[in-house]
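Structural overview
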Amino acid sequence: MTQVKIDSINLAFDDTGSGRPVILLHGYPFNRTLWERQVAVLRENFRVITPDLRGFGESETADEPVTMMRMAEDIARLMNALDIPRAIIGGLSMGGYVVLAFYKQFPERVDALVLADTRPQADTEEGQHLRAKQREQILRDGMAETAHSMLPKLLTPESISTRPDLVKHIQDMIMGTKPAGAAAALMAMAGREDQTELLSQIAVPTLIVVGREDPITPVQDSQLMHERIAHSRLVVLEDAAHVSNLEQVDSFNGVLKSFCKKL
Ligand code: MLT
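All of the points below concern the structure found in this document.

What about unusual backbone geometry?
Each neighbour pair has its own omega, and for Y28 with P29 the value is -5°, a cis peptide bond. Along the chain, P29 falls in the loop between β3 (21-25) and α1 (36-42). For D7, which is not glycine, the phi torsion reads 55° and is therefore positive. In this structure, D7 sits in the loop between β1 (2-6) and β2 (9-16). The phi angle at D117 is positive, at roughly 40°, despite the residue not being glycine. By the secondary structure assignment, D117 is in the loop between β6 (110-116) and α4 (125-141). Overall, the relative accessible area of 0% leaves D117 in the buried class.

Right under this line is the structure:
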């Protein structure tokens, strides 16, 4: 793990392999280990950078409010620090929200996009209200309730009952998240901009992947992105819910690697 100072905070990241840079952004409330199974394969041909977004993993939490755009700026500054002008940039769920914000602000720095189990729309009013309640609950009681209540949305029932190591990895990521970081990200997601209009302006090759049983960012959100993004490919992974990269590692890695190699 390496760290880079961005304003007042240290941002932690892994940087491995060599070749064309690929940057992968984790979702909420996870950390960079979300991508370890993809890194293991991509590093054979690419330079793979996996940061902990601010407030998550080993990155610090700032005092001021966070936004998706702020997290996107962190990635641009990380790229500056690593002397990377352009990269393939991917993200899962909240990571995808940051990727879209990044593309909006820095389109010239993007070679291609990977949008996994994510969506372009902003939160509804009801969704924002729920985030505010979750934030209060997390700041009061910590992450245990989130780890418990999110699990059935993250994995299929089959995986929950037969893959204890996978369940443990997910719960460890959630329980290791600092409540202050999670609370800040919840408010950032609640206030995020709607990026639906941006989709038709995306001019780089884009891979869209989603678990068939994803209840958080369902298949129709990915279909919408596929319809609006000109150079996009949509892959729906069977027997996967929200964290499709961990639930169907081989299929996910297969499409991700062949997409990156064909660029
Ligand atoms: C995530 O996986 O990043 C979150 O579930 C996304 C969200 O809550 O909107």
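Text resumes after the structure shown.
Structural notes on the packing of α4 against helix α8 (residues 179-190)
Contact pair α4 / α8: the axes reach a minimum separation of 9 Å and the direction vectors enclose 170°. Taken together, the axes of α4 and α8 are roughly antiparallel relative to one another. Across the interface between the two elements, Q128, R131, A132, Q134, R135, I138 and L139 from α4 touch P179, A180, A182, A183, L186, M187, M189 and A190 from α8. Split by residue class, the contact of α4 with α8 holds 11 nonpolar, 2 polar and 2 charged.

Concerning the site of the ligand
Around the ligand lies a shell formed by G27, Y28, S93, M94, Y97, R119, R131, M150, M189, I216 and H242. Between R119 and the ligand, the recorded distance is 2.9 Å, taken from a side-chain N or O atom to an oxygen atom. Bound to the protein, the ligand loses 95% of the 270 Å² it would expose on its own. One can see that the ligand is located within the largest pocket.

What counts as what
Residues numbered from 1 in each chain as written. Predicted model: local features only at pLDDT ≥ 70, side-chain atom pairs only at ≥ 80, totals over all residues. Heavy atoms only, no water. Helix = DSSP H or I, 4+ residues; strand = E, 2+ residues; numbered from the N terminus. Buried < 20%, exposed > 50% of the residue type's maximum accessible area, 1.4 Å probe, protein only. Axes fitted to C-alpha atoms, helices over the stretch in contact; angles between N-to-C directions. Parallel < 35°, antiparallel > 145°, perpendicular 65-115°, else oblique. Contact = heavy atoms within 4.5 Å. Nonpolar A, V, L, I, M, F, W, Y, C, P; charged D, E, K, R; others polar. Near = heavy atom within 4 Å. Polar contact = N/O pair within 3.5 Å; in protein donor to acceptor, adjacent residues only side chain to side chain. Areas by Shrake-Rupley, 256 points an atom, 1.4 Å probe, with all protein chains shown as cover. 1 Å grid on protein atoms, 1.4 Å probe; cavity = no way out; pocket = protein on both sides within 12 Å on 5 of 7 lines; lining within 4 Å. Sits in = over half its atoms within 2 Å of the grid points.

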